[in-house]
Amino acid sequence: MRQLDTDLREDTGLRLADFDVLAQLAAAGGELRMTELATRTLISRSGLTRRVARLVDEGLLRRANATDDGRGVVVALTGAGVARMTETVPVHLRGVLKLFVERLDDHELAVLQTALRKVSVDCTFG
């Protein structure tokens with residue numbers, strides 16, 4: 001994971017955790033409440049607050065008060081954030097392929113697929 005983070009940062013300027021935030025928002029249709037984003041990422045709540053603030057400063061995200069109750073905060077991808085995801089996804093996928101998938105032979109991949117089917121949960125959100 002460290003190598004994936006390093007390679008992603010060197011090639012795109014995004015840390016893996018930044019990519020995770022952007023990817024979670026993209027998968028959710030572009031926006032989430034901060035509380036929901038926190039449950040979907042592997043970042044502590046305080047770390048997520050700082051990371052989101054930095055991504056807002058970079059113009060990749062925007063924050064707003066939730067319109068339904070005014071107490072929550074909604075985070076959304078900006079056009080620049082969508083563009084950054086579009087540029088970054090192929091680099092990330094190449095990294096996953098190189099660092100994880102290519103190290104396994106066909107038999108190992110088949111075994112992994114079978115094992116993951118047994119333990120996977122519904123990964124659709126919302």
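Shown above is the structure to which this text applies.
It should be emphasised that the depicted structure is a prediction, and the values quoted were computed from it without experimental measurement. (Residues numbered from 1 in each chain as written. Predicted model: local features only at pLDDT ≥ 70, side-chain atom pairs only at ≥ 80, totals over all residues. Heavy atoms only, no water.)

Caption draft 1: Structural context of the side chain of Thr 88. On the secondary structure map, Thr 88 appears in helix H5 (residues 79-99). Judged by its relative accessible area of 1%, Thr 88 is buried. (Helix = DSSP H or I, 4+ residues; strand = E, 2+ residues; numbered from the N terminus. Buried < 20%, exposed > 50% of the residue type's maximum accessible area, 1.4 Å probe, protein only.)

Caption draft 2: The arrangement of helix H2 (residues 16-27) in detail. Between its first and last C-alpha, H2 extends 16 Å over 12 residues, near the 16 Å set by a 1.5 Å rise per residue. Along H2, the residues classified as buried are Leu 16, Asp 18, Phe 19, Asp 20, Val 21, Leu 22, Gln 24 and Leu 25. (Expected span 1.5 Å × (residues − 1).)

Caption draft 3: Fine view of the sheet that holds strand E2 (residues 61-65). Read across the sheet, 3 strands follow the order E1-E3-E2 without closing on themselves; strand pairing throughout is antiparallel. Across the chains shown, the open sheet's two edge strands, defined by having one partner strand only, are strand E1 (31-33) and E2. Ignoring which end each strand starts from, the neighbouring axes of this sheet average 20° apart. Taken together, the 3 bridges between E1 and strand E3 (residues 73-77) define a ladder with antiparallel strand orientation. Within E3, the position partnered with Arg 33 by the bridge is Val 74. Relative to the sheet, H2 contacts E1, E2 and E3, its axis offset from that of E3 by approximately 95°. (Pairing = 2+ DSSP bridges. Axes fitted to C-alpha atoms, helices over the stretch in contact; angles between N-to-C directions. Contact = heavy atoms within 4.5 Å.)

Caption draft 4: Spatial organisation of the pattern of salt bridges. The final tally for this structure, using the stated rule, is 7 salt bridges. With a shortest N-O distance of 2.5 Å, Asp 18 and Arg 51 are connected by a salt bridge. Taken together, the positions of Asp 18 in helix H2 and Arg 51 in helix H4 (residues 45-57) put the pair 33 residues apart, joining distant regions of the chain. For Asp 18, a relative accessible area of 1% corresponds to the buried category. The closest approach of N and O atoms between Arg 40 and Glu 36, which form a salt bridge, is 2.8 Å. Of this pair, Arg 40 and Glu 36 both sit in helix H3 (residues 34-40), separated by 4 residues, roughly a single helical turn. On the accessibility criterion, Arg 40 (12% relative accessible area) is buried. By relative accessible area, which is 32% here, Glu 36 ends up partly exposed. Among the charged side chains, a salt-bridge network with shared partners connects Asp 18, Arg 51, Arg 54 and Glu 58. (Salt bridge = Lys/Arg side-chain N within 4 Å of Asp/Glu carboxyl O.)

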